[in-house]
Amino acid sequence: MMLIPCPYCGPRAQSEFTFDRPVEAITRPDGSAPELIRNLFTRDNPKGPSRELWRHTYGCRSWITLTRDTVTHEISDVTPVGASQ
Amino acid sequence: MKYSAFNLFREGLAGHKGWPQAWRDPEPKSHYDIVVIGGGGHGLTTAYYLASLHGVNKVAVLERSWIGGGNTGRNTTIVRSNYRQPELHALMELSLKRWEGMSDEINYNVMFSQRGALFLGHSDSDMLQLAQKGDAMRADGIDAELMTRDQVAKLIPLLDVSPTARYPVQGGLIQRRGGTARHDAVAWGYARAADRLGVDIIQQCEVMGIDMVGGRATGVRTTRGVIGADKIAICVAGHSGRVAAMAGLRLPVESHLLQAFVSEPVKPMIDTVIMTQSLHCYISQSDKGEIVLGGDPDAYPTYSQRGAPHIIEKAAAEALALVPSLSRLRMLRSWAGTTDMSFDGSPIIDRTPVDGLYLNGGWCYGGFKATPGSGFLYAHLLATGESHPVAAPFRLDRFETGHTIDEPGVGPMPQNR
């Protein structure tokens, strides 16, 4: 099981979190149609480091962005969503 | 040598010294008509049908490790065709009919056991959905039988059907032609049958790249050299996205994982496959006596083939609530397979935008039951260049055009899968 470092709660068990989608699949309303289709309906599906949107659903319910390796499950970066704004 | 009672008797007298190798271990040739990437059940059946039905026998199946070592050997061995959508009825029933004749067809005992596949209903809404599904199945000529609680209790005496049960049972929907099969035997049997028709099965041969000339795929670069091909057929389950990326493609697929686990072997106690409409728990007993359990997928992208224990805990908790006597069993082992999750839960059998490159993937966590149908339809596409009518709806571009085959009923929304 992964131990996911929530920026607000500290390291918590994976079972408290839900995966939402890779960051590449986040669609913006101002994107072009081909771009939206590509982002919604296709995936890079990397084998290795991946940038992903997760949620601490059964904890503080905040949205977070992880850089996580899809083979080793190592988490190298955690950023709260909206932190830079 | 044909596997038969006579040959078994003769070899028994001769000390079993005369059995030939089941399939050859050939060196890869420099060129084939069709190269199938992936030596799982789907890839091997594809090669078998190419040779047996379409007369294409310059075919190689490339497997990076050993045949049947991926999801073919990692599933819960359940075979059924009890779906809701007409497209999936056609696909899964075509498969189920091939399962019924498989052992004879390929002269290999795959131990297909039609012990019945039962979906339990736990509420009025479950029973309504099961009744609708059963009606839809019968309308498409597939057997389905709605059962009352008493009928279910008689079929599976160990099931907790008391009103105070954690998951009270109101009834169920059974497909009596459903059941289980010996999954390794499916890979071995098709490998042997395909090999006898001239197909080269090349193990320990990983595809590292796809050669392209003028926008057309012309061959594969492997750990055992370059192999040219007129047509290249991707059939690699969880690694579909990675192999397609070698030709510059992005697929509508995310690779997740699904776990399964088995108990120590015990005497026969459950002779039906138990599934439920509300929970995600699969219970069956193997011919060896192990109780085989499966549960929810681990819902995040991973290639690790290694799942999280809380998923096992949840499946085990549901299994114990349904069949309390399982609590005395010790679990023997657990494992996981990498599943290529498409956004509507249905597979893709189609050509790709790259000439000469074809895709069979996106089977999510339901590919084993479709093994012979998948190979039959993929071989048809590869040999004739046209999709078989049953495979035609399973297009690669159906997500962007809105023609999804939406069995879970969530709409064409990837994030809702």
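In case you missed it, the structure is sitting above this.
Residues numbered from 1 in each chain as written. Chains lettered and ligands numbered in written order. Predicted model: local features only at pLDDT ≥ 70, side-chain atom pairs only at ≥ 80, totals over all residues. Heavy atoms only, no water.

1. Things to note about the interface of chain A and chain B
This is how it is decided: Throughout, a residue-residue contact means that at least one pair of heavy atoms, one from each residue, lies within 4.5 Å. Summed over both partners, buried area is the accessible surface (1.4 Å probe) that two parts give up on being assembled. Salt bridge criterion: a side-chain nitrogen from Lys or Arg within 4 Å of a carboxyl oxygen from Asp or Glu. Polar contact is the term for a pair of N or O atoms within 3.5 Å; when the atoms are in protein, one must be able to donate a hydrogen and the other to accept it, and sequence-neighboring residues count only if both atoms are side-chain atoms. In this text, helices come from DSSP runs of H or I with a minimum length of four residues, and strands from runs of E with a minimum of two, each type numbered from the N-terminal end. For this classification, Asp, Glu, Lys and Arg are treated as charged, while Ala, Val, Leu, Ile, Met, Phe, Trp, Tyr, Cys and Pro are nonpolar and the rest, including Gly, are polar.
Counting from both sides, the interface comprises 26 residues of chain A and, opposite them, 28 residues of chain B. Among the residues chain A hides against chain B, the three largest losses belong to Phe41(A), Arg43(A) and Asn45(A). Together they make up 29% of the total. Applying the counting criterion to the chain A and chain B interface returns three salt bridges. Arg43(A) serves as the salt-bridge partner of Glu254(B), at 2.6 Å between the closest nitrogen and oxygen. Scanning the region where chain A abuts chain B turns up 16 residue pairs in polar contact (both at pLDDT 80 or more). Those elements that place two or more of their residues in the side of chain A that touches chain B are strand E3 (18–22), helix H1 (33–41) and strand E4 (49–55) of chain A. Grouping the amino acids of the side of chain A that touches chain B by side-chain chemistry returns ten nonpolar, seven polar and nine charged.

2. Focus: the packing of helix H3 (residues 86–106) of chain B against helix H6 (residues 183–196) of chain B
Residues and elements named next belong to chain B. Inclusion rule: Every angle, taken between N-to-C directions, lies between 0 and 180 degrees, and every axis is a line fitted to C-alpha atoms, over only the stretch in contact when it is a helix. Convention used here: angles under 35 degrees read as roughly parallel, angles over 145 as roughly antiparallel, angles from 65 to 115 as roughly perpendicular, and any remaining angle as oblique. Should the near helix be turned anticlockwise from the far one by less than a right angle, the crossing is termed left-handed; should it be turned clockwise, right-handed.
Where H3 meets H6, the closest approach of the two axes is 10 Å, and the angle between their N-to-C directions is 50°. Taken together, the axes of H3 and H6 are oblique relative to one another. Viewed along their axes, H3 and H6 form a crossing whose handedness is left-handed. Each of Trp99, Met102 and Ile106 in H3 lies in contact with H6, whose residues at this interface are Val186, Gly189, Tyr190, Arg192 and Ala193. Class assignment for the residues of the contact of H3 with H6 results in six nonpolar, one polar and one charged.

3. Brief notes about the packing of aromatic side chains
The criterion, for reference: Two rings from Phe, Tyr or Trp (for Trp, the six-membered ring) form a pair when their centres are within 6.5 Å of each other. A pair whose planes differ by under 30 degrees is stacked, one over 60 is edge-to-face, and the rest are tilted. Here's how the labels work: a residue is buried when its accessible area is under 20% of the maximum for its type, exposed when over 50%, partly exposed in between, all with a 1.4 Å probe on protein chains only. To sit over a ring, a charge needs its Lys NZ or Arg CZ within 6 Å of the ring centre and within 35 degrees of the ring normal.
Applying the stated criterion across every chain yields a total of eleven aromatic pairs over all chains. Arranged with centres 5.8 Å apart and planes meeting at 40°, the rings of Trp54(A) and Tyr300(B) form a pair that is tilted. Of this pair, Trp54(A) sits in strand E4 while Tyr300(B) is found in the loop between strand E15 (290–298) and helix H8 (309–322), placing the two residues in two different chains. Ring plane angle 35° and centroid distance 5.5 Å describe the contact between Trp99(B) and Phe112(B), whose orientation is recorded as tilted. Of the two residues, Trp99(B) sits in helix H3 while Phe112(B) sits in the loop between H3 and strand E4 (117–121), which places them 13 residues apart along the sequence. Trp99(B) sits in the buried class, given a relative accessible area of 1%. Pairwise contacts between aromatic rings join Tyr48(B), Tyr49(B), Tyr190(B) and Phe376(B) into one cluster. Across from the ring centre of Phe119(B), 4.3 Å away, lies the NZ or CZ of Lys133(B), which sits over that ring.

4. Some thoughts on the sheet that holds E3(A)
All names here are of chain A. Definition in use: In this analysis, strands are considered paired if DSSP registers two or more bridges between them.
The strand order across the open sheet built from four strands is E3-E4-E5-E6, with neighbouring strands paired in antiparallel fashion. Here the strands that pair on one side only, and so sit at the sheet edges, are E3 and strand E6 (75–80). Averaged over neighbouring strand pairs, the angle between their axes works out to 30° when direction is ignored. Both strand E5 (residues 63–69) and E6 contribute to a ladder of five bridges, which runs antiparallel. Bridge pairing links Thr65 to Thr79 in E6.

5. Quick word on the pairing of strand E13 (residues 273–276) of chain B
Residue and element names in this part refer to chain B. Side chains Val273 and Met275 project from E13 onto one buried face, and the interleaved Ile274 and Thr276 project onto a second face that is buried too. The sheet contact formed by E4 and E13 spans four bridges and is parallel. In the strand pairing of E13, Phe119 is matched with Met275.

6. Focus: the pattern of salt bridges
Residues and elements named next belong to chain B. Throughout the structure, instances matching the rule amount to 28 salt bridges over all chains. Lys97 is the salt-bridge partner of Glu93, the closest N and O atoms lying 3.5 Å from each other. In this pair, Glu93 and Lys97 both sit in helix H3, four residues apart, roughly one turn of the helix. Glu93 gets classed as buried once you look at its relative accessible area, which sits at 6%. Linked through salt bridges whose partners overlap, the residues forming this network are Glu93, Lys97, Glu100, Asp143 and Arg177.

7. Some points on the side chain of Thr272(B)
Residue and element names in this part refer to chain B. Examined against the element boundaries, Thr272 turns out to sit in the loop between strand E12 (253–265) and E13. Polar contacts involving the side chain of Thr272 include one to the side chain of Asp271, which spans 3.4 Å. If sequence neighbours within four positions are ignored, Thr272 has contacts with Arg115, Gly116, Leu118, Leu155, Ile156, Ile174, Ile283 and Ser284.

8. Things to note about the layout of surface pockets
Residue and element names in this part refer to chain B. For the record, the criterion: A cavity, in this analysis, means grid points on a 1 Å lattice covering only the protein atoms where a 1.4 Å probe fits yet has no way out; a pocket is instead an open set bounded by protein on both sides within 12 Å along at least five of seven lines, and a residue lines either one if it has an atom within 4 Å of a point. Grid points are joined across faces, edges and corners, and a volume is the space filled by probe spheres set on the points.
Approximately 420 Å³ is the volume found for the second largest pocket. Forming the boundary of the second largest pocket are 20 residues, of which Thr77, Arg182, His183, Ser286 and Glu290 lie nearest the centre. Along the lines of polarity and charge, the residues of the lining of the second largest pocket split into five nonpolar, eight polar and seven charged.

9. Some details on empty space enclosed by the protein
Tallied over the full model, the rule gives one cavity of 30 Å³ or more. The computed volume of the largest cavity comes to approximately 50 Å³. In this structure, the largest cavity is lined by Pro22(A), Glu24(A), Asn45(A), Pro46(A), Ser50(A), Glu52(A), Thr70(A), Glu254(B) and Pro301(B). Grouping the constituent residues of the lining of the largest cavity by class yields three nonpolar, three polar and three charged.

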